[in-house]
Amino acid sequence: MTTPALEPPTLDDIRAAHARIGREVVRTPLVRLGADGPAEIYLKLENLQPIGSFKLRGAANAMAQASDAELAQGVFTASAGNMAQGVAWCARARGVPCGVVVPDTAPEAKLSAIARLGAEIHKVPFSDWWNVLVTRQHPRFAGRLFIHPVSDRAVMAGNGTIGVEIAEALPAPDAVIIPYGGGGLTTGIASALRALSPATRIYTAEPETGAPMAASWAAGEPREAAYAPSFVDGCGSRSLLAEIWPIVRRLVDGAFAVPLADIAGAIRILVERNRVVAEGAGAVSVAAALAGRAGAGRIVCVVSGGNLDSAKLARILHGELP
């Protein structure tokens with residue numbers, strides 16, 4: 001199958017998205033982390049979106065640009081949880097059916113949230129789920145508009161609105177660390193910051209249990225990584241989407257693989273110091289900053305989501321590793 005050509009969004013695309021999604025999406029705060037460390041660490045709190053994740057931004061922008069004819073038979077996406085909630089939220093608001101293909105590793109807390117929003121859930125093995133991301137189709141939802149969680153320019157432009165808000169709230173930060181799942185969040189934010197704050201260093205962060213971006217960055221070409229499911233379910237995988245790698249490699253300055261223990265420690269610090277609940281993917285950027293991976297200065301960490309199962313959160317707060 002030929003990989004579809006893909007270009008990152010322009011600043012104009014991102015500014016247009018910001019205006020388009022303003023009524024559906026929260027302009028989240030940027031706050032200082034109440035912790036000692038090697039840098040002034042700031043938190044971009046996307047866990048405060050109505051669905052608890054940044055994914056609402058991209059979903060809202062993509063859905064807003066779809067025609068009535070495209071939406072007539074409904075929509076579907078492939079997601080471990082957060083993009084599913086974003087698409088389901090927007091579909092419910094528009095009164096159209098929503099289907100979601102989820103991997104069998106998806107956490108129950110996110111599946112329950114998807115169901116509450118009225119979406120039809122179809123669970124498949126992880127490899128089959130990944131294949132939906134590549135092929136953009138699944139027979140169960142044939143005829144419906146597919147909203148890709150990553151490789152969609154409208155989705156990336158919606159995600160890029162976070163970069164605009166960071167630049168407005170804290171001009172010229174020294175670095176920004178972005179959780180890396182499929183690359184759509186990184187591509188969007190980095191596209192905005194390269195235009196608005198070109199001196200800012202941009203890094204990605206993944207759990208060590210699935211860090212293909214870090215492996216690929218080190219090798220200078222796409223690499224697969226060993227993958228093991230963990231409490232960090234919103235980022236980390238076995239491999240990169242082929243169409244995303246050439247974009248990301250020219251937009252970012254480095255990629256970090258972060259130990260699970262450091263991520264759990266960051267979750268505890270966020271709760272104890274800032275009363276912020278972050279899921280594993282949302283805390284991976286903070287863990288990298290606290291370890292000094294991005295150096296000193298003013299470091300912005302994108303807290304991408306807060307949809308963490310309460311039982312896992314309780315274990316982490318007690319010093320355990322789920």
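For the structure, see preceding data.
This part takes up the packing of aromatic side chains. This model, assessed by the stated rule, comprises six aromatic pairs. Here Phe-76 and Phe-146 contribute two aromatic rings whose centre-to-centre distance is 4.8 Å and whose plane-to-plane angle is 45°, an arrangement assigned as tilted. Of this pair, Phe-76 sits in strand S3 (residues 75–78) while Phe-146 sits in strand S6 (residues 145–146), and the two are 70 residues apart along the sequence. In terms of burial, Phe-76 and Phe-146 fall into one category: buried. Joined through ring pairs, the aromatic side chains of Phe-126, Trp-129, Trp-130 and Tyr-227 make up one cluster. Geometry around Tyr-42 places Arg-32 over its ring, the cationic atom sitting 5.8 Å from the centre. A cation over a ring is seen here: Arg-92 above Trp-89, with NZ or CZ 5.5 Å from the ring centre.

Glancing now at helix H7 (residues 153–169). Taking 1.5 Å per residue as the helical rise, H7 with its 17 residues ought to reach 24 Å, and the 25 Å between its terminal C-alpha atoms agrees with that figure. Of all 17 residues making up H7, 14 are buried, and the element is well covered by its neighbours. Sitting at the amino-terminal end of H7 is Asp-152, which places a side-chain oxygen 2.8 Å from the backbone nitrogen of Ala-154.

Where strand S4 (residues 98–103) and strand S5 (residues 120–124) come together, five bridges link them in parallel fashion. Each residue of the ladder has a partner; that of Gly-99, found in S5, is Glu-120.

Rules and cut-offs
- Residue numbers restart at each chain and count upward from 1, following the sequence in its written direction.
- Residues qualify for local features only when their pLDDT is at least 70, as the model is predicted, and side-chain atom pairs are given and counted only at 80 or more; totals for whole chains, interfaces and linings, by contrast, use all residues.
- With hydrogens and water set aside, each side-chain value is computed from the structure's full complement of heavy atoms.
- Any pair of Phe, Tyr and Trp rings, taking the six-membered ring for Trp, is counted once the centres come within 6.5 Å. Such a pair is stacked with planes under 30 degrees apart, edge-to-face with planes over 60 apart, and tilted for the rest.
- Each helix corresponds to a stretch of at least 4 residues labelled H or I by DSSP, and each strand to a stretch of at least 2 residues labelled E; elements are numbered beginning at the N terminus.
- Between buried and exposed lies partly exposed: a residue is buried under 20% and exposed over 50% of the maximum accessible area for its type, with that area taken using a 1.4 Å probe on protein chains only.
- Only when the NZ atom of a Lys or the CZ atom of an Arg is both within 6 Å of the ring centre and within 35 degrees of the ring normal do we say a charge sits over the ring.
- A helix's residues, less one, multiplied by 1.5 Å, set its expected span.
- Contacts described as polar in this section are N or O atom pairs within 3.5 Å, which, within protein, must combine one atom able to donate a hydrogen with one able to accept it, while residues neighboring in sequence count only if both atoms come from side chains.
- Pairing between strands is defined by DSSP: at least two bridges between them are needed.

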